[in-house]
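Read off the chains here:
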Amino acid sequence: MFKGCTVTINRFILRTELSQNLQQLSEKARSTTEFIQRLKGMSDKINDNCAEFEAVVSAQCDALIEAIHARRAQLVECIRQDKEMRVRALKEQVGMCTSRLQHTTGLLQFCIEALKESDSASFLQVGSMLITRVANTDITWHKDLQVNAPRVSPHFDLTLDDKSVLRAINQLNFIQMKPPSAPTIIPEECSAENNSVTVAWQPPPQSHVEGYVLELDDGNGGDFREVYCGVETICTVDGLHFHCMYNARVKAFNSSGEGEYSELIGLQTAEVAWFTFDPLLTGPGLQYSEDSLSVSGEGWEHRVALGSVGFSRGVHYWEISIDKFDADTDPAFGIARIDVARDKMLGKDDKGWAMYIDRQRSWFQHAGAHEQRVEGGVTTGGTIGVLLDLDRHQLSFYVNEEPQGGVAFRNLYGVFYPAVSVNRGVSVTLHTALDAPSDTDDT
């Protein structure tokens, strides 16, 4: 009895296992059938795509042939124009020679008739004139007619340079058109200097590349923006913020689309700004030193000198030392927009914010309005400090390393350039890459 139950149970287990195996095998057979149908469908699609691709290649070759025909027509037309020019020149030369020959023939006939003249008196009247005329004609014959040298050559001393075209035709081939892979950043060739960064990269291997797109973030972990698009594999980006970490990435593209981005590289701009005066941003009336760190006035009217960098973020401090300071002049120091008026004192228009100073006192000036008279002036050998705090959007001044009147201007937003205005009798020198004073007055 137990033996019969055991057999029954084993048979049930085997049937169950066999059913499961059959079900799995049936599922595989079904998926294989579907795969075969997909393969057959792909075969049809290959045929369709092949026909379409053949049509595209044929159209491209037809376009090349049409371009060859068009170029041939231009070259043949050039040959024909050259032929017409030569024929026209030959006709003109033949006409001149014929005209001169007829004139000479007439002279010969006249002279022969004169030689037949039996009246000596009559011959003597024309003999000398005829001798001179014949001699002159003989002398100018070759010069005027150039009978031994045709003006043009019957030969075309040109040949069609078709080697480069034939070479290009022989090299005509297919390329794998798919978006390129990611370029590779070359860290040892990347650098940051002052407020500029340089990024270099290698082309992606085994990819057809038509150009690259370089992107930087905002230096504060924000969104990326495109800063370069072209075929070069190195790029320098100027005018960035100081004391910021910029992340850079690059991608390649071709006619099929854009590839993946490279890995990021971080580049740190300088913590403090180094800059000079920029003579290119200045009109006449100022004299600069060779290193563009010193400037002096040449005329009685004020002229504005701008720094070589602009600031829109961060805290920046620079000083100007007074090398020469004659009486009855008020140099001005501060900041300005790039389009500030350069032919008047800094702060006279609404694009400049300045402190102008004499030997006893100073004033703050903007848009022609001056206010906050502060006692204490400057002399030769003194220094003016300019503190631009764009984190707090304010401007302050220092005289001989001491605060001069607290915060001069507030609510400063945008891009500002270091600036001074000087006239005759004033010479100053710029000192940059300085740390901001620790006793900044926020009152």
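The preceding data block contains the structure.
Small disclaimer: the values here were computed from a predicted structure and weren't measured.

Moving on to the pairing of strand S11 (residues 294-297). Burial along S11 is two-sided: Ser-294 and Ser-296 facing one way and Val-295 and Gly-297 facing the other are all buried. Relative to S11, strand S10 (residues 286-288) runs antiparallel, the two sharing 3 bridges. Note on S11: the bridge partner recorded for Leu-286 is Gly-297. Between the antiparallel neighbours S10 and S11 lie 5 residues, among them Ser-292 with a positive phi of about 60°. Sheet topology places S11 next to strand S22 (residues 426-434); 3 bridges connect them, and they run antiparallel. Its bridge partner being in S22, Ser-294 is matched across the sheet by Thr-429.

One non-glycine residue, Asn-194, lies in the positive phi region at around 55°. The residue Asn-194 is located in the loop between strand S2 (191-193) and strand S3 (196-202) in this model. Positive phi outside glycine occurs at Ser-292, with the angle close to 60°. Considering the arrangement of structural elements, one finds Ser-292 in the loop between S10 and S11.

Now for the nonpolar core. Within the largest apolar cluster, 37 residues are counted, with the highest numbers of intra-cluster contacts made by Phe-311, Trp-318, Leu-388, Leu-395 and Leu-412. Ranked by residue count, the leading element in this core is strand S13 (residues 315-325), at 4 residues. Once you skip the residues sitting within four places of it in the chain, Phe-311 turns out to touch Phe-242, Ala-273, Phe-275, His-316, Trp-318, Leu-388, Leu-390, Gly-414, Val-415, Phe-416 and Pro-418. Counting 19 residues, the second-largest nonpolar core is a separate cluster that includes Val-197, Leu-216, Ala-248 and Val-250.

Attention shifts here to the pairing of strand S14 (residues 332-336). With 5 of 5 residues buried, S14 lies mostly within the body of the structure. Across 5 bridges, S14 lies against strand S15 (residues 352-357) in antiparallel orientation. Bridging from a neighbouring strand, Phe-333 pairs with Met-355 of S15. Relative to strand S21 (residues 417-422), S14 runs antiparallel, the two sharing 5 bridges.

A word on the sheet that holds S11. What the 7 strands build is an open sheet, ordered S10-S11-S22-S13-S18-S19-S20; its pairing is antiparallel. Every other strand in the sheet has two partners, leaving S10 and strand S20 (402-410) as the edge strands with one partner each. Pairwise comparison of adjacent strand axes, ignoring direction, gives a mean angle of 20° for this sheet. Both S13 and S22 contribute to a ladder of 7 bridges, which runs antiparallel. When the sheet's bridge partners are listed, Tyr-317 is paired in S22 with Leu-434.

Turning our eyes to something else, we now look at the side chain of Ser-321. Secondary-structure assignment places Ser-321 in strand S13. On the accessibility criterion, Ser-321 (12% relative accessible area) is buried. For Ser-321, the residues in contact, after removing those within four places along its chain, are Gly-382, Thr-383, Ser-427, Val-428, Thr-429 and His-431.

For the rest of this paragraph, the subject is the pattern of salt bridges. Scanning the entire structure with this criterion turns up 9 salt bridges. Note that Glu-215 and Arg-249 form a salt bridge whose closest N and O atoms lie 2.9 Å from each other. Within this pair, whereas Glu-215 is found in strand S4 (residues 211-216), its partner Arg-249 is found in strand S7 (residues 245-254), the two being separated by 34 residues in sequence. Of the two residues, Glu-215 and Arg-249, both sit in the buried class. Linked by salt bridges that have partners in common, Glu-27, Arg-30 and Glu-34 make up one network.

One open sheet accounts for 6 strands, arranged S12-S21-S14-S15-S16-S17; its pairing is antiparallel. With partners counted over all chains shown, the strands left at the sheet margins are strand S12 (303-306) and strand S17 (369-375), one partner each. Mean inter-strand twist for the sheet, computed between neighbouring axes without regard to direction, equals 20°. Of the pairings in the sheet, the one linking S15 to strand S16 (residues 361-366) comprises 5 bridges and is antiparallel in character. Directly across from Tyr-356, in S16, lies its bridge partner Trp-363.

On to the state of the cysteines. This model, assessed by the stated rule, comprises 0 disulfides. Among the cysteines around Cys-190, which has no disulfide bond, Cys-235 carries the closest sulfur, lying 11 Å off.

A few words on the environment of Phe-333. In this structure, Phe-333 sits in strand S14. Given the relative accessible area of 0%, Phe-333 is considered buried. Note: C-alpha distance between Phe-333 and Ile-384 (51 residues apart in sequence) is 7.7 Å. If we ignore the near neighbours within four places in the chain, the residues touching Phe-333 are Ile-320, Ile-322, Leu-346, Trp-353, Ala-354, Met-355, Ile-357, Ile-384, Phe-397, Ala-419, Val-420 and Val-428.

This next bit is on the packing of aromatic side chains. Tallied over the full model, the rule gives 12 aromatic pairs. The interplanar angle of 85° and the centroid separation of 5.9 Å between the aromatic rings of Tyr-317 and Tyr-398 together place this pair among those described as edge-to-face. In this pair, Tyr-317 is assigned in strand S13 and Tyr-398 in strand S19 (residues 394-399), connecting sequence segments 81 residues apart. Ring plane angle 20° and centroid distance 5.2 Å describe the contact between Tyr-356 and Trp-363, whose orientation is recorded as stacked. Just as Tyr-356 is buried, Trp-363 falls in that class too. Following the ring pairs from residue to residue traces out a cluster consisting of Phe-242, Phe-275, Phe-311 and Trp-318. If you follow Arg-249 out to its NZ or CZ, it ends over the ring of Phe-224, 4.0 Å from the centre. Across from the ring centre of Tyr-261, 3.8 Å away, lies the NZ or CZ of Arg-249, which sits over that ring.

Cut-offs and rules
Residues numbered from 1 in each chain as written. Predicted model: local features only at pLDDT ≥ 70, side-chain atom pairs only at ≥ 80, totals over all residues. Heavy atoms only, no water. Buried < 20%, exposed > 50% of the residue type's maximum accessible area, 1.4 Å probe, protein only. Helix = DSSP H or I, 4+ residues; strand = E, 2+ residues; numbered from the N terminus. Pairing = 2+ DSSP bridges. Core = buried A, V, L, I, M, F, W, Y, C linked by side-chain atoms within 4.5 Å. Contact = heavy atoms within 4.5 Å. Axes fitted to C-alpha atoms, helices over the stretch in contact; angles between N-to-C directions. Salt bridge = Lys/Arg side-chain N within 4 Å of Asp/Glu carboxyl O. Disulfide = S-S within 2.5 Å. Phe/Tyr/Trp six-rings, centres within 6.5 Å; stacked < 30°, edge-to-face > 60°. Lys NZ or Arg CZ within 6 Å of the ring centre and 35° of its normal.

So far we have only geometry, and geometry alone does not tell us how the molecule works.
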